[in-house]
Amino acid sequence: MADPILIEREGSIATVVLNRPEKLNALNLPMWLQLGNTFKELAADDMLRCIVVRGAGGKAFAAGADISEFANERANAAQAQRYGEDIAGSMRSLAECRHPTVALIEGACVGGGLLIASQCDLRICNESARFGVPVKNLGLTEAYDELQGMMRVIGPAASLEILLEGRIWGAREAYEKGLVSRVVPDAEAAGEAYATARRIADGAPLVARWHKKFIRRLADPRPLGAEEYAESYACFDTEDFRTGYRAFLDKKKPRFTGR
């Protein structure tokens, strides 16, 4: 049986592949758990500078959770909560990954697939992409942990629209809602996603990690502490800062080391 989560690497860019194309990459519980463990592993790799997340087969990013396992894994509230806590742990591993993440969305991006994409930092889709969270038709709710990423990206009004109507909608509407960063022709989606990853990887990795941390922290209404405020100037003591401004003055491309 094929591994449901694949890791591919090219230099400082890793690709995480949701690999159940025969099921349109619908996620079962082992796949959810492996996804979380994969991102914990990649987060610890200092050599990485960007991670692309995509679905295998080109027809779907992920068509949500595997409904065929519900009778055994989510048959009642207690089971569903345990299942949901496992999903939430994997979502956190993706959301809190210190490396920038890019979702490459081709085809269906529905239910849990949309929630995974929402945890990525950038989302690039092809014109054939389709989105939705039609859980109203299954008689189930998305739990608080599952809603956080989508809420953070598109806000409460659009989130309620998506959940209450339960319809499937296209790439242009996803862009208008702010769910995706850009929409590109089908044949260009992969190229654009990896060009984006390379642009990210060319920058100072410590700066990218700090910016991810700062943006997330500013979503928290608590006042910043003195140490947090000081950290926003820590870059000026790094080797990468000295490399960057010298390269700018010398009109050369900087080669950052992450130090």
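Each chain has its residues counted from 1, running along the sequence as written. Since the coordinates come from a predicted model, pLDDT governs what is reported: local features require at least 70, and pairs of side-chain atoms require 80 or more to be given and counted, while whole-chain, interface and lining totals use all residues. Each side-chain value is derived from all of the structure's non-hydrogen atoms; neither hydrogens nor water enter the calculation.

### Considering the overall build of the protein
Per the secondary structure count, the protein includes 10 helices and 10 strands. In terms of overall dimensions, the protein is globule-like: its C-alpha atoms have a radius of gyration of 19 Å, near the 18 Å expected for 259 residues. Across its three principal directions, the C-alpha atoms of the protein cover 60 × 45 × 35 Å. Relative accessibility under 20% of the residue-type maximum defines a buried residue, over 50% an exposed one, and the middle range a partly exposed one, all with a 1.4 Å probe and only protein chains included. Put simply, the protein has 259 residues, and 47% of those count as buried. The contact criterion used is simple: two residues touch if any of their non-hydrogen atoms lie within 4.5 Å. Considering only contacts in the protein between residues 6 or more positions apart, those separated by 24 or more positions represent 67%. Runs of H or I in DSSP of at least four residues are treated as helices and runs of E of at least two as strands, each being numbered from the N terminus. For the radius of gyration, the atoms used are the C-alpha atoms, and the globule rule reads 2.2 Å times the number of residues raised to 0.38.

### What about the state of the cysteines?
Pairs of cysteine sulfur atoms within 2.5 Å are what we label disulfides. Summed over all chains, the structure comprises zero disulfides. With no disulfide of its own, Cys 97 lies closest to Cys 120 among cysteine sulfurs, the gap being 9.4 Å.

### Some thoughts on the pairing of strand E7 (residues 122–126)
With four of five residues buried, E7 lies mostly within the body of the structure. Any two strands with at least two DSSP-identified bridges between them are counted as paired. Pairing of strand E5 (residues 101–105) with E7, which is carried by four bridges, proceeds in the parallel orientation. Of the residues in E7, the one forming a bridge with Val 102 is Leu 122. One ladder, built from three bridges, connects E7 with strand E10 (residues 182–184); its direction is parallel. Looking at the pairing, Ile 124 lines up with Arg 182 of E10.

### Focus on the packing of helix H1 (residues 29–43) against helix H3 (residues 77–95)
Two numbers describe how H1 lies on H3: the axes approach to 8 Å, and their chain directions differ by 30°. Relative to H3, H1 is oriented roughly parallel. In this structure, the crossing between H1 and H3 has a hand that is left-handed. Two secondary-structure elements touch here, H1 through Leu 29, Trp 32, Leu 33, Gly 36, Phe 39 and Lys 40 and H3 through Tyr 83, Asp 86, Ile 87, Ser 90, Met 91, Ser 93 and Leu 94. Under the scheme applied here, ten amino acids are nonpolar (Ala, Val, Leu, Ile, Met, Phe, Trp, Tyr, Cys and Pro), four are charged (Asp, Glu, Lys and Arg), and all others, including Gly, are polar. Of the residues assigned to the contact of H1 with H3, the class counts are eight nonpolar, three polar and two charged. Simply put, an axis is a line fit to the C-alpha atoms, just over the touching stretch for a helix, and the angle between two N-to-C directions goes from 0 to 180 degrees. When describing relative orientation, an angle under 35 degrees is termed roughly parallel and one over 145 degrees roughly antiparallel, while 65 to 115 degrees is termed roughly perpendicular and anything else oblique. Less than a right angle of anticlockwise turn of the near helix away from the far helix marks a crossing as left-handed, whereas a clockwise turn marks it as right-handed.

### Focus on the packing of aromatic side chains
Within a pair of aromatic rings, the relevant descriptors are the distance that separates the centres and the angle that separates the planes. Note on ring pairs: Phe, Tyr and Trp rings are taken, using the six-membered ring of Trp, and paired if centres are within 6.5 Å. Classes follow the plane angle, with under 30 degrees stacked, over 60 edge-to-face and the rest tilted. This model, assessed by the stated rule, comprises four aromatic pairs. Taken together, a centroid distance of 5.5 Å and an interplanar angle of 25° make the contact between Phe 131 and Trp 169 stacked. Of the two residues, Phe 131 is situated in strand E8 (residues 130–132) and Trp 169 in strand E9 (residues 169–170); the sequence distance between them amounts to 38 residues. Trp 169 matches Phe 131 in its accessibility class, with the two residues each being buried. Plain terms: the ring middles of Phe 241 and Tyr 245 are 5.0 Å apart, the flat faces sit at 45° to each other, and that makes the pair tilted. On the criterion of helical spacing, the pair formed by Phe 241 and Tyr 245 is a turn pair, its members being four residues apart in helix H10 (residues 239–249). On the basis of relative accessibility, which here comes to 30%, the residue Phe 241 falls in the partly exposed class. Take Tyr 245: its relative accessible area is 37%, and that puts it in the partly exposed class. Members of the aromatic cluster, connected to one another through ring pairs, are Phe 236, Phe 241 and Tyr 245.

None of this, on its own, says anything about what the molecule does.
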